[in-house]
Every structure is written in structure tokens, then in C-alpha cells.
Protein chains: 2
Amino acid sequence: MMFNISWEVQAVTTLKRADARKNIESIMDAATACLARDPDVSVADIAKAAGVGRVTLYGHFESRAILVTQVAERAIQQSDEALGAVDLDGDPRAALSRLLEASWRLTQQYGALIVAAEQSMPHEQFQAVHLGLIDRWKPLMERGRGDGSFRDDQPLGWQLTLLQSVLHAASGAVYRGEIKAADAATLIDGTLQAALTPPGATRH
Amino acid sequence: MMFNISWEVQAVTTLKRADARKNIESIMDAATACLARDPDVSVADIAKAAGVGRVTLYGHFESRAILVTQVAERAIQQSDEALGAVDLDGDPRAALSRLLEASWRLTQQYGALIVAAEQSMPHEQFQAVHLGLIDRWKPLMERGRGDGSFRDDQPLGWQLTLLQSVLHAASGAVYRGEIKAADAATLIDGTLQAALTPPGATRH
DNA sequence: CACAAGTCGAACACTGATGTACGAGATGCT
DNA sequence: AGCATCTCGTACATCAGTGTTCGACTTGTG
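Residues numbered from 1 in each chain as written. Chains lettered and ligands numbered in written order. Predicted model: local features only at pLDDT ≥ 70, side-chain atom pairs only at ≥ 80, totals over all residues. Heavy atoms only, no water.

Kindly report on helix H6 (residues 92-110) of chain B, identifying the contributing residues and their values.
Residues and elements named next belong to chain B. End to end, H6 covers 26 Å across 19 residues, agreeing with the expected 27 Å (1.5 Å per residue, within 8%). When H6 is considered as a whole, its buried residues turn out to be Pro 92, Arg 93, Ala 95, Leu 96, Leu 99, Leu 100, Ala 102, Ser 103, Trp 104, Leu 106, Thr 107 and Tyr 110. The inward-facing, buried residues of H6 contact helix H2 (18-37), helix H5 (64-84), helix H7 (113-120), helix H9 (138-146), helix H10 (156-175) and helix H11 (181-196). Trailing H6 by a residue or two, Gly 111 shows a phi angle of about 45°, which is positive. (Helix = DSSP H or I, 4+ residues; strand = E, 2+ residues; numbered from the N terminus. Expected span 1.5 Å × (residues − 1). Buried < 20%, exposed > 50% of the residue type's maximum accessible area, 1.4 Å probe, protein only. Contact = heavy atoms within 4.5 Å.)

Written out as C-alpha cells, the structure reads:
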């Protein structure tokens, strides 16, 4: 599987003609942007946004599902790298702030792409990569729960769901104009730090 | 508008034949259940779930959009009544708990119906009824922010979005089996009470 | 009982989206 | 320069969902 992916990238970057490579780039970028806004966007709209004909798009991607999968795989890989670069050591609450800020950037960038991926990718494959992303959170949360930084009177799974949910809600709120994008990071951090504070403790 | 609605109800409940009324009931109940699970469910599936033919359904509802609108209007009206019956006096935190419990029941019952309504109803009409429901929350939140029960260092609009988001997240978590339905109410209350506690205060 | 009202399935037209076929024309590559 | 590669528009087949029509049948109601 891993070998297949790298082989395809190899093919894209060396075997094809230069204009074809440029178009493939445009298509994937346009698809990322379109799918981030609307997970059900049509292939025709993606092609239009990429500035290529619909037929050209099908020349590079066999089907809509394959296009979505490719785009999602790239986004997930990039997200995984971005989250992996975050320093999770030291005070769990400070580490959570850093992880939230990085995650917020990714949420803004990719938005509803995850919904499209869930619909288009094979269920087990999506499950696998999704769990991979969640695992970026788990160790920090477990450590914080262990040393009393975070409350542990709720299931860890619920708290992880909550994190995602608040990020998603902020994305929607910015999209609807309810809050300014610049304020979102502060609101997210302030809200989730409060929600994770152990009962009986006093927040700084 | 109000007159139109009551006129239609009148027609449904008195002018039509008994079996027709029963079928209309079945269709609206089935549509409610189906749309709560999948906002994009087809008319054919709704008819099947209601135990009637697709043509019969179209005999009672001119179009899918009208059916969804009718179903949503009934759900919203019922929700409005349920929320209106909640005692919002006394300690704001206790009142919030009561309001959350009632809202959780409605969220479980209607789920994704709100998404379907947003897609099928005229934008302004949806906006109106939706704002009507939110207004059930606003006075309590404002009172709690004023007397120091809830934090007021975040926009009220954000806190209202957060409430909805957490309810929705809990619904999804139950659906996916991550948490048990019986535990959901406690988790929701515990999470949101914490998120709304003013900085510097100590939670009981 | 008799008729109006209602139900049902099959068939049809229409729409929007996906995916394919073809052929003419443009363009990168050597 | 010349050829393989690529692009593009148009047209077509297919599919799923919506909404309608028709005619035969069933059932509630006066």
C-alpha cells in the first residue's frame, strides 16, 4: 500500500508532461478548497475551479471517489505532519493550547473535506487514517488526565469527540460570520481549557 | 401564515377520509424518524418506512420540500412547547441543567432533521423559526452572565453555538456507540457547566 | 349498497450528476 | 520540426431521484 502510493507520486512527478503535472496540481488544490466548503460539490464545479475541462480531470482521476481519496490522503498526511511537529512536552495545559492552535489552522484549511472523505473512501481505510490522527491527541490527554491537569471523570473518547466538535463548531461560526476568524483560536482554547478543568480546581 | 397553517390542519383533520388521515400521520412520523437519521433520505424510503406507496405520499404532499417543511414545522412547534415548559427561574446553573436535559431529549428525537429543514425550507423562513428556538436560551444565558453564574468573557453567540454543538456531538457519539445514551445527559451537563464557569471561580 | 375517496404499482418524462467516446486542435519534449 | 502527449468541447450512455399519469382495485362513508 505504502509502496503503491509512492509509486503513483513518482509517476506523477516524472513520467507525465509538465502541463499535465501543473493541471493535476491545480485540480487537487481546487478540489481541496471546494470540498472544504461543500463535501458534495460536483466534479464539474471542481474542474471549473481548477480552470480545466471536466474531461481533462477524468483523464487524471478515474472517478470522483478516487479524486476525493487522493485529496484526502494528501490533506491527512499534511495534517499528520503538522500535528507531529507540535511540542507536546511540558505543562499539559500549555501543550493542549499549542495542539489546539495547530488543529484550528488545519480545520480552517480543510473544513468539510473530512466529511467528503468519509463518504468516498472505503470505510476501513477512512477509519484507519482517522484513528491515526486521533492518536496525535491521545497521549497528551492521557498524561494530562493522569497528573490532574485535565478532569478524568468523563470517558476519554467523549473528550476527544468534544475537541473535534468544538473545532468544527468554530469553523461553522466563522463561516456564518458569527465570530471573527482572528478571535476563534482564543475562544476555542478558552472554552476547551474550561471544559477539561477537573471539578473542584480553580482555573488560572 | 399562521392562519394558513391552521387551515391546512383543519383540512387534514376533518375534510379527509379516516384512512387518509392515518396515512398522513404515518408518513409524517416515518419522515421524522428517517430525516432524523439521514437528512438526504429519499422519498421512496420514507414511503416504504411509512408503509404506503410512493404515489400515495405524493397525493398528500406536493413535493419533497413541502413534506420536509411540514415535518420540520411540526417538530419545531413541539420543541418550542417542550422548551417553553422548562422552569428557567432560580439558580441559573440549575436552570441550565433542566434546559439541557429537555434539549437533549429533543436532539435525540429529531437529530439531523434540522439539516434537512435548512436545505428544503426557504432560507428566511428557516432563519425565523431557528432564531425562535434560540430565543428560548438567550434570556437564561444573559441572566446567568449578568449575575456571575456564567462567564461573560466570550460572545453570547459563541456560547449558544457551543451549546448546540455539544448536543449534536453527543447525538453522534451515541449513534456511533462511543457513549451510552443513558450517560449522555450527565456528560453534556458536566461538560457545558464546566465550559460556562467563569474564570477564577471554583466548580462545585 | 353505492359512490366518492383513497390506494397501489407500473410506466413515463425530467433533472442533475457521473463517466465515456471521439476528433480536432494546442503544446511540451527531443 | 515533428511526434507523442495533452486539452477541450460536444455528444452520448447511464443512473438515481423527483414528480406525474393512468387504470384497476379497495375501502370508508352516507
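What follows picks up the thread again.
Before we move on, could you go through the side chain of A:Ser103 and cite the residues and values that matter?
Residue position: A:Ser103 is located in helix H6 (residues 92-110). Beyond its immediate chain neighbours, meaning those up to four positions away, A:Ser103 contacts A:Leu83, A:Trp137 and A:Leu167.

Describe the pattern of salt bridges, and please don't skip the residues or the numbers.
On inspection of all chains with the given rule, the structure shows 18 salt bridges over all chains. Residue A:Asp29 pairs with A:Arg74 through a salt bridge whose shortest N-O separation is 3.0 Å. Taken together, the residues A:Asp29 in helix H2 (residues 18-37) and A:Arg74 in helix H5 (residues 64-84) connect sequence positions 45 residues apart. Owing to a relative accessible area of 40%, A:Asp29 belongs among the partly exposed residues under this scheme. Judged by its relative accessible area of 28%, A:Arg74 is partly exposed. Residues B:Arg136 and B:Asp80 are paired through a salt bridge, measuring 3.1 Å at the closest nitrogen-oxygen approach. (Salt bridge = Lys/Arg side-chain N within 4 Å of Asp/Glu carboxyl O.)

Outline the interface of chain A and chain B, listing residues and values.
Taken together, the contact pairs 26 residues of chain A with 26 residues of chain B. For the chain A and chain B pair, buried surface summed over both sides reaches about 2100 Å², with 59% attributable to carbon and sulfur atoms. Seen at the junction of chain A and chain B, the total is zero salt bridges. Put simply, chain A and chain B have ten residue pairs in polar contact (both at pLDDT 80 or more) between them. At eight residues, the largest contribution of residues to the side of chain A that touches chain B is made by helix H10 (residues 156-175) of chain A. Of the residues contributing to the side of chain A that touches chain B, the split by class is 13 nonpolar, nine polar and four charged. (Buried area = accessible area lost by both parts, 1.4 Å probe. Polar contact = N/O pair within 3.5 Å; in protein donor to acceptor, adjacent residues only side chain to side chain. Nonpolar A, V, L, I, M, F, W, Y, C, P; charged D, E, K, R; others polar.)

Can you tell me about the protein's contact with DNA strand C, naming the residues and giving the values?
By nearness alone, 22 residues border DNA strand C, and A:Arg54, A:Arg64, B:Arg17, B:Asn23 and B:Thr56 come closest of all. Here, DNA strand C places atoms within 4 Å of the protein, and 62% of those atoms are sugar or phosphate. Here a base oxygen of DNA strand C and a side-chain polar atom of A:Arg54 are 2.9 Å apart. Between DNA strand C and the protein, one listed contact pairs a phosphate oxygen with a side-chain N or O atom of A:Tyr58 at 3.2 Å. Those elements that place two or more of their residues in the surface near DNA strand C are helix H4 (54-60) of chain A together with H2 and helix H4 (54-60) of chain B. Per element, the largest residue contribution to the surface near DNA strand C is four residues, and it comes from H4(B). Of the residues contributing to the surface near DNA strand C, the split by class is seven nonpolar, seven polar and eight charged. (Near = heavy atom within 4 Å.)

Let's hear about the domain arrangement of chain A: which residues, and what values?
Residue and element names in this part refer to chain A. Under the domain assignment used here, chain A contains domain 1 (2-61) and domain 2 (88-196). Between domain 1 and domain 2, the residue contacts involve six residues of the former and eight residues of the latter. For the domain 1 and domain 2 pair, buried surface summed over both sides reaches about 540 Å², with 71% attributable to carbon and sulfur atoms. The interface formed by domain 1 and domain 2 holds zero salt bridges in total. Scanning the region where domain 1 abuts domain 2 turns up two residue pairs in polar contact (both at pLDDT 80 or more). Residues that form the side of domain 1 that touches domain 2 fall into these classes: three nonpolar, one polar and two charged. (Domains from an automatic or database assignment.)

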